[in-house]
Amino acid sequence: MILYTMMPNELVFPYDSESVSKQQMVNFQGIPLLVEATDQQNFQVIRILSSDPQHFMDEKICPGAKISFTNLEGLTVM
């Protein structure tokens, strides 16, 4: 979609600092991820930060997938 407008980018795409403050980078089984804590027990994957194409095919870490705190094997916070 192409958006033709005279409005500045800041008005069309506002910066939401609250949602960015909830996000953190973690290393899950050697794969760098950008995640957001959804509740006391889970992370939700926002973005895969790896350059390996095979990591994007893994259904366990696709964007929107949940990683449980109870399954902490291989999870480190950067």
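Residues numbered from 1 in each chain as written. Predicted model: local features only at pLDDT ≥ 70, side-chain atom pairs only at ≥ 80, totals over all residues. Heavy atoms only, no water.

**With respect to the pairing of strand β1 (residues 23-28)**
As judged from the six bridges shared by β1 and strand β2 (residues 31-37), these two strands associate in the antiparallel manner. In the sheet register, glutamine 24 faces β2, and the bridge partner there is valine 35. Adjacent in sequence and paired antiparallel, β1 and β2 are bridged by two residues, among which glutamine 29 carries a positive phi angle near 55°. (Pairing = 2+ DSSP bridges. Helix = DSSP H or I, 4+ residues; strand = E, 2+ residues; numbered from the N terminus.)

**Considering the confidence of the model for the protein**
Per-residue confidence for the protein gives a mean pLDDT of 83; residues scoring 70 or more make up 87%. No element of the protein has a lower mean pLDDT than strand β5 (residues 75-77), at 61, and none a higher one than strand β3 (residues 42-48), at 91. (pLDDT = per-residue confidence, 0-100.)

**Some thoughts on unusual backbone geometry**
Note: most residues except glycine have negative phi, and most peptide bonds are trans. A positive phi angle is found at glutamine 29, which is not glycine, with a value near 55°. Relative to the elements of secondary structure, glutamine 29 occurs in the loop between β1 and β2. Residue class for glutamine 29 comes out partly exposed when judged on its relative accessible area of 40%. (Buried < 20%, exposed > 50% of the residue type's maximum accessible area, 1.4 Å probe, protein only.)

**What to know about the pairing of β2**
Burial of β2 is extensive: five of the seven residues sit out of reach of the surface. Where β2 lies against β3, five bridges are found, and the strand directions are antiparallel. Across the sheet, residue leucine 34 finds its bridge partner in β3, namely arginine 47. Here β2 hands over to β3 after four residues, the two strands then running antiparallel side by side.

**Concerning the side chain of serine 50**
Structurally, the position occupied by serine 50 is in the loop between β3 and β4 (66-68). At a separation of 3.0 Å, a polar atom in the side chain of serine 50 contacts the main-chain amide nitrogen of aspartate 52. Side-chain polar atoms of serine 50 contact the side chain of histidine 55, separated by 2.6 Å. Beyond its immediate stretch of four places on either side in the chain, serine 50 contacts Ile31, Pro32, His55 and Phe56. (Polar contact = N/O pair within 3.5 Å; in protein donor to acceptor, adjacent residues only side chain to side chain. Contact = heavy atoms within 4.5 Å.)

**A look at the environment of isoleucine 48**
If you trace the backbone, isoleucine 48 turns up in strand β3. Owing to a relative accessible area of 9%, isoleucine 48 belongs among the buried residues under this scheme. Ignoring any residue separated from it by four or fewer positions in sequence, one finds isoleucine 48 in contact with Ile31, Pro32, Leu33, His55, Phe56, Ile61, Cys62 and Pro63.

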